Structure formats: C-alpha cells, structure tokens
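# Working through the structure, step by step
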Amino acid sequence: MMKTYNIALVGASGAVGAELISILEEINFPIGRFLPLVSVRSAGQKIHAFSQEYTLQEATPKSFEGVDIAFFSAGSKVSEQLAPMAAQAGAVVIDNTSFFRLEPEVPLVVPEVNPNDLAHCSKNIISNPNCSTIQMVQVLNPLHRAFGIERVEVSTYQAASGAGKRGLEELKAQMAGSTHAQVFPHPLALNVIPQIDIFMPNGYTKEELKMVRETHKIMHASFAISATCVRVPVLRSHSESISIRFKNPVSAKEAQEVLKNAPNIVLVDNPEQKLYPMPITATSTDQTFVGRVRADLFDPHSLHLWCVADQLRVGAATNAVRIALEWIKTH
C-alpha cells in the first residue's frame, strides 16, 4: 500500500491555504489525516476539502501530535511561536512566512534550483522563499549554470493578492469606486505604488532586500542584484522585468534554448504574433512564463526578459507542495 502522511495546514482559511488544499487535491497527495488549523477567530468554521467537510480548529502547541508534514501560512508571528513546537513534535515544517528564511540552519528551497539543501534540515523546518524570489530564481538558475551571471537588475509588478485576501478585497472595492486604503499605503486602483513592505535605512524596501538575500542563499551565488518592487492594480500573478549581465557574450537565441529546457518554465516569446506572458496567462497555473527575451542594444554580455507567475501558486502553495514531494522521497 502507498505510504500516507498526516498533514496539518496552519492558515487553512487564507488565500494561500486554499491554494494548498487545491493543489494537494489535484495531485492526489498521499494524505492520511488532514488537520486544518486557524486562529481562534476563524475556529469553528467549515471548509470542504478532499471530498469531505472539515471544521477549522484553533492552532495550539498541542495540535501537531502525530503530524508528519505541517504547512504554515498564517504570518510570521504564528510561525515564530508554533513552528518550532510542530518540529519538536516530529513534523517537518514547511513555512511560507519570512521568519526563518535567512536562518543558516534552515534550508530555503526552490526544488527546481536547490533540492539537495533539504538534506541539511537540522531544525526540521524548511522555509518557502518570497513569491517574487521563487519565480526569479527559476529563471536565473538555468541561465547561471549555462553562462555565468555577473549582475541582475529586476523590477517587479506585483499583484494585489500578494498582500493576501485583504489586499485582493481592497483593490476590488477600489475598482468599484472606494477610495479607502488600509492594506496598501495609497489607493491602488488606477495607480502603481513603488513600495512593498517598509523602507530600510539604505533606501530599499524589505521586499527588495528579500529578493537579493534569498536569491544568494538559494542559488549559493553572490552575483550583484538590485531590485525595485512595485505594487500594480492586477488582481493576481506577479510580473518581473529582469536584466542580466553574463560573464561572456550571450545571444537571445542561446538563452531561449536554455529556458525551453528548464523545469517548470514555459517560453512564450513570439512578438510578431503578440505572444508574451501576462498575468492573465499565468493565473491558476503552476509554471513560470518567460518572454521578451532580447539582447541589450549596447552590451553583448547583457540580456533582458520578462517573466510572470501566479504568486499564490508558484510563489507560495505550489512551491510548498513541491518541497513536500521532494521531502517524502527520502522519508
């Protein structure tokens, strides 16, 4: 008989939690017992998953007895408090928050890039990277292996749902005429906001620094990176404009060939037919879409490209499930 795994999902009522359930259902993940956990405010509500109805339970330190895999997607404070307890109870924790990402003893994993890091998991906690970082390293890694990267410049176009259900609801309300802004620092409808997370003393936001530091940790590389992260009035799926300088001259065609064969990358690059990735292309999919691959006009070492991915799936839930699938190969 196929081995099954008891699964806990902390944050089962949130946007990423819903996507996690959907993906686990789609791939027929070998689940034994499923435990949907939430804050005390949401406890008692009902959800439908895996062909049955579940009652949401409050997440407590005692929730994780007998759990094999615990997905956390309920905010950094919850992960800080409960993830170590879940790990101590014997569960492997796959944490979708930023709390553990830069801890040296916690692997930060994108399975297409650094699955071997899962072998070094002394705390029984695995961290899921920032959504914008995940789609970027999926693109950068095969290019770095093929040609050697010297520098990356990235500008993001991040959807409202990157701020969770409340961000999505706020944009929808503003599209209907509301001027109220609470989730975002300014109204987002008919606007773009060049700020995601708080500003740091060096002038970069925390989101921008996450992309730099997390990429270095995941790829075990130290090439220069600069990021500008921008919130745009798109409901779902993040876009990125990426400029890459390589050690040697690289043609657009060479880069396209590498990307065609990269795992979970879809090349959509036919400008004559107006074919290129867009948020509407990527939404509700599990791939990262790449297009507009072109040579720099002045520097033969540099290329520019555009990539798009569903940040609730590729940038969060799908990556978490892929981590779990890698983990169970050896457990």
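Note that this is a predicted model, so its numbers are computed, not measured.

Moving on, we get to a nonpolar patch on the surface. The grouping of Tyr276, Met278 and Ile280 at the surface amounts to a nonpolar patch, some 300 Å² of accessible area in total. Within the secondary structure, Met278 is located in the loop between β12 (265–267) and α7 (279–282).

Time to look at the nonpolar core. By size, the foremost hydrophobic cluster in this structure holds 39 residues, and its most contacted members are Leu140, Leu143, Val152, Ile242, Ile244 and Leu305. Of all the secondary structure elements, the ones that give two or more residues to this core are α3 (131–147), β9 (149–158), α5 (206–219), β10 (224–231), β11 (238–246), α6 (252–260), β13 (288–295) and β14 (302–309). Per-element tally for this core: the top contributor is α3, with 7 residues. With residues up to four places along the chain from it excluded, the contact list for Ile244 reads Leu140, Leu143, Ile149, Arg151, Val152, His301, Ser302, Leu303 and Leu305. Grouped together as the second largest cluster of nonpolar side chains are 35 residues, Ile21, Cys121, Ala320 and Ile328 included.

Moving on, we come to the sheet that holds β9. Strand order in this open sheet of 6 strands is β10-β9-β11-β14-β13-β12, and the pairing throughout is mixed. If you trace the sheet from one side to the other, it starts and ends with β10 and β12, each paired once. Across the sheet, the mean angle separating the axes of adjacent strands is 20 degrees when strand polarity is ignored. Across the face of the sheet, α6 comes into contact with β12, β13 and β14 while running at roughly 165 degrees to β13.

This brings us to the environment of Ala74. Within the secondary structure layout, Ala74 lies in the loop between β6 (69–72) and α2 (76–88). Along the backbone, Ala74 and Thr97 are 23 residues apart, and their C-alpha atoms lie at a distance of 7.6 Å. Setting aside residues no more than four positions away along its own chain, Ala74 makes contact with Val10 and Gly11.

For helix α1 (residues 15–26), spanning 12 residues, the distance from its first C-alpha to its last is 17 Å, which sits close to the expected 16 Å at 1.5 Å a residue. Among the residues of α1, those classed as buried are Ala15, Val16, Gly17, Glu19, Leu20, Ile21, Ile23 and Leu24. Buried positions along α1 lie against β1 (5–10), β2 (31–38), β3 (46–49), β6, α4 (164–175) and α8 (313–328). Two residues or fewer past α1, Asn28 is found with a positive phi of approximately 50 degrees.

Moving on, we come to the sheet that holds β2. The sheet built from 6 strands is open, its strands ordered β5-β2-β1-β6-β7-β8 with parallel pairing. Two strands in the sheet have a free side with no partner beyond their single neighbour: β5 (57–58) and β8 (125–127). Sheet strands touched by α1: β1, β2 and β6. Its angle to β1, the strand with the most contacts, is close to 155 degrees. Packing of α2 onto the sheet brings it into contact with β1, β6, β7 (92–95) and β8, and relative to β6 it is tilted by some 175 degrees.

Moving on, we get to the pattern of salt bridges. For the structure shown, the criterion picks out 15 salt bridges. Here Arg245 makes a salt bridge to Asp299, at a shortest N to O gap of 2.8 Å. Placement of the pair is Arg245 in strand β11 and Asp299 in the loop between β13 and β14, with a sequence separation of 54 residues. For Asp299, a relative accessible area of 18% corresponds to the buried category.

Relative to the assigned elements, Lys165 resides in helix α4. Separated by 90 residues in the primary sequence, Lys165 and Ala255 place their C-alpha atoms 37 Å from one another. Beyond its immediate chain neighbours, meaning those up to four positions away, Lys165 contacts Ser13, Gly14 and Ala15. Of note is the side chain of Lys165, whose polar atom sits 2.9 Å from the backbone oxygen of Ser13.

This part takes up the pairing of β3. On β3, burial follows the alternation: Ile47 and Ala49 on one face are buried, whereas Lys46 and His48 on the facing-out side are not. By the bridge criterion, 4 bridges tie β3 to strand β4 (residues 52–55) in an arrangement that is antiparallel. Across the sheet, Ala49 pairs through a bridge with Gln52, a residue of β4. Hairpin connection, β3 to β4: the antiparallel pair is bridged by 2 residues, and Phe50 has positive phi, about 55 degrees.

Mapped onto the present numbering, the UniProt feature "active site" (unreviewed entry) falls on Cys131 and His238. Taken along the chain, the residues just named run across 108 residues; in space they keep tight, none of their C-alpha pairs more than 8.4 Å apart. Structurally, Cys131 is set in helix α3. Filtering out sequence-adjacent residues up to four positions away, Cys131 remains in contact with His238, Gln311 and Gly315. The exposure class assigned to His238 is buried, which follows from its relative accessible area of 0%. Discounting residues that sit within four places of it in the chain, His238 has contacts with Cys131, Ser132, Gln135, Tyr157, Gln158, Ala159, Gly162, Arg231, Cys307, Val308, Ala309 and Gln311.

What counts and how
Residues numbered from 1 in each chain as written. Predicted model: local features only at pLDDT ≥ 70, side-chain atom pairs only at ≥ 80, totals over all residues. Heavy atoms only, no water. Patch = residues over 30% accessible without salt bridge, like charges linked within 9 Å, V, L, I, M, F, W, Y side chains within 5 Å. Areas by Shrake-Rupley, 256 points an atom, 1.4 Å probe, with all protein chains shown as cover. Salt bridge = Lys/Arg side-chain N within 4 Å of Asp/Glu carboxyl O. Helix = DSSP H or I, 4+ residues; strand = E, 2+ residues; numbered from the N terminus. Core = buried A, V, L, I, M, F, W, Y, C linked by side-chain atoms within 4.5 Å. Buried < 20%, exposed > 50% of the residue type's maximum accessible area, 1.4 Å probe, protein only. Contact = heavy atoms within 4.5 Å. Pairing = 2+ DSSP bridges. Axes fitted to C-alpha atoms, helices over the stretch in contact; angles between N-to-C directions. Expected span 1.5 Å × (residues − 1). Polar contact = N/O pair within 3.5 Å; in protein donor to acceptor, adjacent residues only side chain to side chain. UniProt positions renumbered as here; feature names shortened; annotations may be inferred.

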